[in-house]
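If you want the building blocks of each chain, they are given just below.
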Amino acid sequence: MGKAAYYFVISILARAIFCQESSRVPPEGGFLKREYSLSKPYSGNGMTIPFWDFRDNAMITNNFISLTTNHQGQLGSVWSKIPCHLRDWEIHMQFKIFGGGRTLAADGLAIWYTYSRLTPGPVFGSRDEFEGLGIFLDTYKNGDQPVTFPQISAMVGNGSTKYDHMSDGQLNSIGSCLGSFRNKDYDTTIAIRYVRQRLTIKVDIDGQDTWRECIDVPGVQLPTGYFFGVSAATGDLADNHHLIGFKFYELDITRTAEEEAEDWSTIKPGVFGKPPIDNRDDSGTGDYRNTSISGFKLFLIIVCALLGVGVCVVVGVVVFQKRQEQNRKRFY
Ligand code: MAN
Ligand code: CA
């Protein structure tokens, strides 16, 4: 069987066994909100996008929004115009990051949910000391970690903490994972889910149409009323950063009347409870630790599960027969 066919069969099996959601379908209970979404065609006239602003090197075309081209020293961003007053949501963002450099490319793309908007700066083209959430698709390792980039990481800023560009956000990261998403000829998508203050980031970057988990952090405090944005930058090294689609889903979450009445517009952004969860495999393979199940691992799990069931059945039968025998002996 060819490698592609093998992966296809494994991915269908995995989806059936683990009840995995396809990355192409909307999240369960999700309502697409036009005012926070971006999809083709982005604009009627090429000059404006309904509900969104863009600036610097960002450019709209029929099939993508280019945040930077493969040139040095660029930055570009798009920002939603309307603040978001919804408490639970999920975003599916399709992107394409590519360029001539096989591994030497920079700097990456950031997805924002922040108090301020449209302010260019040094963090993937956007301002530092941001207030809110930043998710970074970092293609260039500025630090000296013993791993192979690209890296996906997240940070919650309080308005005064700086993003440490020279160590790729390690100091204030609330979670990260490695995954190769550059130069793919299939769709690459990231899902950002925020429900009951739990932030879950998943990616579909292997062309298998399934999500795999990257970051999962509870206790993430984000107020309502912030703006969504996507920005990208190049430095001495460059890359094309294309935004293809940004689908925003409002999630229908049941709450008590009390919870419903809480004012979420005034809370300060921060993270409580758990220490950062690190999904990185520091052996330098650029792969995930634990969170992804490779085809071979999945095969082993299925074999082990079947063996386990078999052993239980055999032990059960033996024990049953022994008991029957003892009962019979007691009679005679
Ligand atoms: C330069 C600087 C860095 C950037 C790299 C890669 O060294 O602009 O900030 O990360 O180029 O582009
Ligand atoms: Ca970096």
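By the naming in an unreviewed UniProt entry, the protein chain is L-type lectin-like domain-containing protein, taken from Clavelina lepadiformis. Quoted straight from UniProt, the Subcellular location (unreviewed entry) entry for the protein chain says "Membrane".

Colleague: In this structure, what is going on with the environment of I65? I would like to understand it.
Modeller: Here I65 lies in strand β4 (residues 65-68). Apart from the residues lying within four places of it in its own chain, the contact partners of I65 are L38, Y42, I49, M59, I60, V78, H241, H242 and L243.

Colleague: So what exactly am I meant to see when it comes to the packing of aromatic side chains here?
Modeller: Within a pair of aromatic rings, the relevant descriptors are the distance that separates the centres and the angle that separates the planes. Evaluation of the coordinates by the stated rule reveals 19 aromatic pairs. Both rings, one in F124 and one in F136, keep their centres 5.3 Å apart while their planes meet at 15 degrees; by these two values the pair is stacked. Residue F124 is found in the loop between β8 (120-123) and β9 (131-138), and its partner F136 is found in strand β9; the two are separated by 12 residues along the sequence. With respect to class, F124 is no different from F136; both count as buried. Between the aromatic rings of F130 and F136, the centroid separation amounts to 6.5 Å while the plane-to-plane angle is 75 degrees, which identifies the pairing as edge-to-face. The exposure classification of F130 matches that of F136, with both residues buried. Joined through ring pairs, the aromatic side chains of Y36, W52, W89, Y113, Y115, Y194, Y226, F228, F246 and F248 make up one cluster. A cation over a ring is seen here: R117 above F227, with NZ or CZ 5.2 Å from the ring centre.

Procedures and definitions
- Residues numbered from 1 in each chain as written.
- Chains lettered and ligands numbered in written order.
- Predicted model: local features only at pLDDT ≥ 70, side-chain atom pairs only at ≥ 80, totals over all residues.
- Heavy atoms only, no water.
- UniProt positions renumbered as here; feature names shortened; annotations may be inferred.
- Helix = DSSP H or I, 4+ residues; strand = E, 2+ residues; numbered from the N terminus.
- Contact = heavy atoms within 4.5 Å.
- Phe/Tyr/Trp six-rings, centres within 6.5 Å; stacked < 30°, edge-to-face > 60°.
- Buried < 20%, exposed > 50% of the residue type's maximum accessible area, 1.4 Å probe, protein only.
- Lys NZ or Arg CZ within 6 Å of the ring centre and 35° of its normal.

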